[in-house]
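So you can see what is in the structure, the chains are spelled out below.
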Amino acid sequence: MNGTNGTKPLDVLVVGGGIVGLAVARRLQERNPSWTILVLEKEPGVARHQTGRNSGVIHSGIYYAPGSLRARNCRRGVELLLRFCEEHGVPYSLSGKVIVAADEAERGRLVGLLHRGETNGVPGLRMLGRAELREIEPHAEGVAALHSPSSGVVRFAEVAATLRRLFETGGGRVLTGARVVRIGASGGEARVHTTTGEFTCRRLVTCAGLQSDRVARMAGDEPEIRILPFRGEYYRVRPERAGLVRGLIYPTPDPRFPFLGVHLHRNLDGHVDAGPSAVLALAREGYRRRDVNLRDLGEMARYPGFRRLASREWRVGLDEIHRSLSKRAFTRRLARLVPEIRVSDLIAAPSGVRAIAVLPDGRIADDFRILRRENRTHVLSAPSPAATASLAIAEQVAALVEEE
């Protein structure tokens, strides 16, 4: 294998086998077929964290500030994602989304979302009254709603698996079970030490998700942000009650936070899932309430950005914890969207953890963040809609790598 034991260095080494890392590797391979490219993934398989533990929603680009990387990459990403799914037989459904205003205050925010979505080029958006909302989602309730017909669902883990297959068929290699423990420099090249061996490369790309800031620091770079893990807890609606939801039903989001709120969506299998919450996790990969990592906790406690965020938003945090511990409180939040839903309708489902990038002053970094240093490119922050936008992010990262 090139890049190890003194042989010719790799042209590119990508750290991270999630959907973004695999998309970057595949994009670079398509544009540079003679390059040797290796993807390292610490887990036994790809897409084991954020890619494989999300709601599977294809976002249309409504929520994001016009001109931001999230807005631009989301719209471009949807186009590329749907084309990719069509070409490679990955199933998806554009089932449509309604964003519901529960009261008049939320109606005003909904109008703002409509204007933002139109500015971002989201097709087919329209405001609905109560009766029109009921035509699309007969069991939903609200004073108004915003309808996005171009939203939908897909299995992002299946997209990632397809990217891996294409990459490996094209001559690339994905090495799983290879955790990066140290990154050094030698003669203008990066030397990556892993639990399975050492690799040298001319260009290093890191797409490490929940570990992105740590991996960047291993490479000698100091990112402005730190990653805080927020656990998203889900429930599944019992099959006999799944008829309460046809497509995707979302609340009007709180503009202060990157979370879109607890929602209901029908996935490709016909199941209806509810969630996620946004509870601070006690471990970066803490998918259960009892998961605790002392290193992660210590880093959070020492980080000024965490302390400032916590001191400012502790009431919101307590509210999320309450809904996490109380199924009844979680159900009450869902009932603002679908009043007929009951506690007995919900069954616990697997959780996910979202990597939220926080600045030293306690602000949440609300856009994608990519850091480039010499022959190193780090995808530091890729919040939602990163899965939807993954192929567009790959275009942007590949262009940076090719400039080196």
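Presented here is an overview of the structure given in this document. (Residues numbered from 1 in each chain as written. Predicted model: local features only at pLDDT ≥ 70, side-chain atom pairs only at ≥ 80, totals over all residues. Heavy atoms only, no water.)

1. Digging into the pairing of strand 16 (residues 272–275)
So, step 1. Side chains of strand 16 alternate between two faces, with Val-272 and Ala-274 and Asp-273 and Gly-275 buried alike.
So, step 2. Summarising the sheet, strand 13 (residues 226–237) and strand 16 pair through 2 bridges and their orientation is antiparallel. What sits directly across from Arg-236, in strand 16, is Asp-273.
So, step 3. Relative to strand 16, strand 15 (residues 263–266) is paired through 4 bridges, and the arrangement is antiparallel. Considered in strand 16, the bridge of His-263 is made with Gly-275.
So, step 4. Linkage of strand 15 to strand 16, two consecutive antiparallel strands, is achieved through a turn of 5 residues, within which Gly-270 is found at a positive phi near 90°. (Buried < 20%, exposed > 50% of the residue type's maximum accessible area, 1.4 Å probe, protein only. Helix = DSSP H or I, 4+ residues; strand = E, 2+ residues; numbered from the N terminus. Pairing = 2+ DSSP bridges.)

2. Quick notes on the packing of aromatic side chains
So, step 1. Inspection of the entire model under this criterion finds 2 aromatic pairs.
So, step 2. Both rings, one in Tyr-235 and one in Phe-330, keep their centres 4.8 Å apart while their planes meet at 65°; by these two values the pair is edge-to-face. Separated by 95 residues along the polypeptide, Tyr-235 in strand 13 and Phe-330 in helix 9 (residues 327–335) bring together distant segments of the chain.
So, step 3. Between Arg-53 and the ring centre of Tyr-287, over which it is positioned, the NZ or CZ distance is 3.8 Å.
So, step 4. Positioned above the aromatic ring of Tyr-250 is the side chain of Lys-97, whose terminal nitrogen or guanidinium carbon lies 4.0 Å from the ring centre. (Phe/Tyr/Trp six-rings, centres within 6.5 Å; stacked < 30°, edge-to-face > 60°. Lys NZ or Arg CZ within 6 Å of the ring centre and 35° of its normal.)

3. Some points on unusual backbone geometry
So, step 1. That bond from Gly-275 to Pro-276 is cis: its omega, -5°, falls within 30 degrees of zero.
So, step 2. Among the secondary structure elements, Pro-276 is positioned in the loop between strand 16 and strand 17 (279–280).
So, step 3. Note the cis peptide between Ser-384 and Pro-385, where omega equals 15°.
So, step 4. One can find Pro-385 in the loop between strand 20 (376–381) and helix 10 (386–403).

4. Quick look at the pattern of salt bridges
One side chain can pair with another of opposite charge once the charged atoms of both are near each other.
So, step 1. Following the criterion strictly, the structure yields 39 salt bridges and no others.
So, step 2. The salt bridge partner of Arg-336 is Glu-106, with a shortest N-O separation of 3.0 Å. Of the two residues, Arg-336 is situated in the loop between helix 9 and strand 18 (346–358) and Glu-106 in helix 3 (residues 104–119); the sequence distance between them amounts to 230 residues.
So, step 3. The class of Glu-106 is buried, set by a relative accessible area of 11%.
So, step 4. Linked by salt bridges that have partners in common, Asp-213, Arg-214, Arg-217, Arg-284, Arg-295, Asp-296 and Glu-299 make up one network. (Salt bridge = Lys/Arg side-chain N within 4 Å of Asp/Glu carboxyl O.)

5. Let's talk about a nonpolar patch on the surface
So, step 1. Taken together, Trp-314, Leu-318, Ile-321 and Leu-325 make up a surface patch of nonpolar side chains, about 410 Å² in accessible area.
So, step 2. Topologically, Leu-318 is positioned in helix 8 (residues 304–325).
So, step 3. Given a relative accessible area of 49%, Leu-318 falls into the partly exposed group. (Patch = residues over 30% accessible without salt bridge, like charges linked within 9 Å, V, L, I, M, F, W, Y side chains within 5 Å. Areas by Shrake-Rupley, 256 points an atom, 1.4 Å probe, with all protein chains shown as cover.)

6. Looking at the sheet that holds strand 4 (residues 92–93)
So, step 1. Pairing is antiparallel across the open sheet formed by 3 strands, whose spatial order is 3-8-4. A single partner strand is all that each edge strand has here, and the edge strands are strand 3 (57–58) and strand 4.
So, step 2. Across 2 bridges, the pairing between strand 4 and strand 8 (residues 152–154) is antiparallel. What sits directly across from Tyr-92, in strand 8, is Val-154.

7. Topic: the environment of Arg-323
So, step 1. Relative to the assigned elements, Arg-323 resides in helix 8.
So, step 2. On the basis of relative accessibility, which here comes to 5%, the residue Arg-323 falls in the buried class.
So, step 3. For the pair Arg-323 and Ser-277, spaced 46 residues apart in sequence, the C-alpha to C-alpha distance is 7.6 Å.
So, step 4. Beyond its immediate chain neighbours, meaning those up to four positions away, Arg-323 contacts Ala-329, Phe-330 and Arg-333. (Contact = heavy atoms within 4.5 Å.)

8. Some details on the environment of Tyr-234
So, step 1. On the secondary structure map, Tyr-234 appears in strand 13.
So, step 2. Here Tyr-234 falls in the buried class, since its relative accessible area comes to 11%.
So, step 3. Along the sequence, Tyr-234 and Leu-346 sit 112 residues apart, while their C-alpha atoms lie 9.4 Å from each other.
So, step 4. Aside from chain neighbours lying at most four places away, what touches Tyr-234 is Asn-54, Ser-55, Ala-274, Gly-275, Pro-276, Ala-348, Ala-349, Pro-350, Ser-351 and Gly-352.

9. Quick look at the packing of helix 2 (residues 69–88) against helix 5 (residues 156–169)
What describes two packed helices is the angle between their axes and the distance between those same axes.
So, step 1. Taken N-terminus to C-terminus, the directions of helix 2 and helix 5 make an angle of 65°; their axes are 11 Å apart at the nearest point. Here helix 2 lies roughly perpendicular to helix 5, going by the angle between them. In this structure, helix 2 crosses over helix 5, and the sense of that crossing is left-handed. Between helix 2, through Leu-81, Phe-84, Cys-85 and His-88, and helix 5, the contact on the second element is made entirely by Phe-156, Val-159, Thr-162, Leu-163 and Leu-166. (Axes fitted to C-alpha atoms, helices over the stretch in contact; angles between N-to-C directions. Parallel < 35°, antiparallel > 145°, perpendicular 65-115°, else oblique. Left-handed = near helix turned anticlockwise from the far one by under 90°.)

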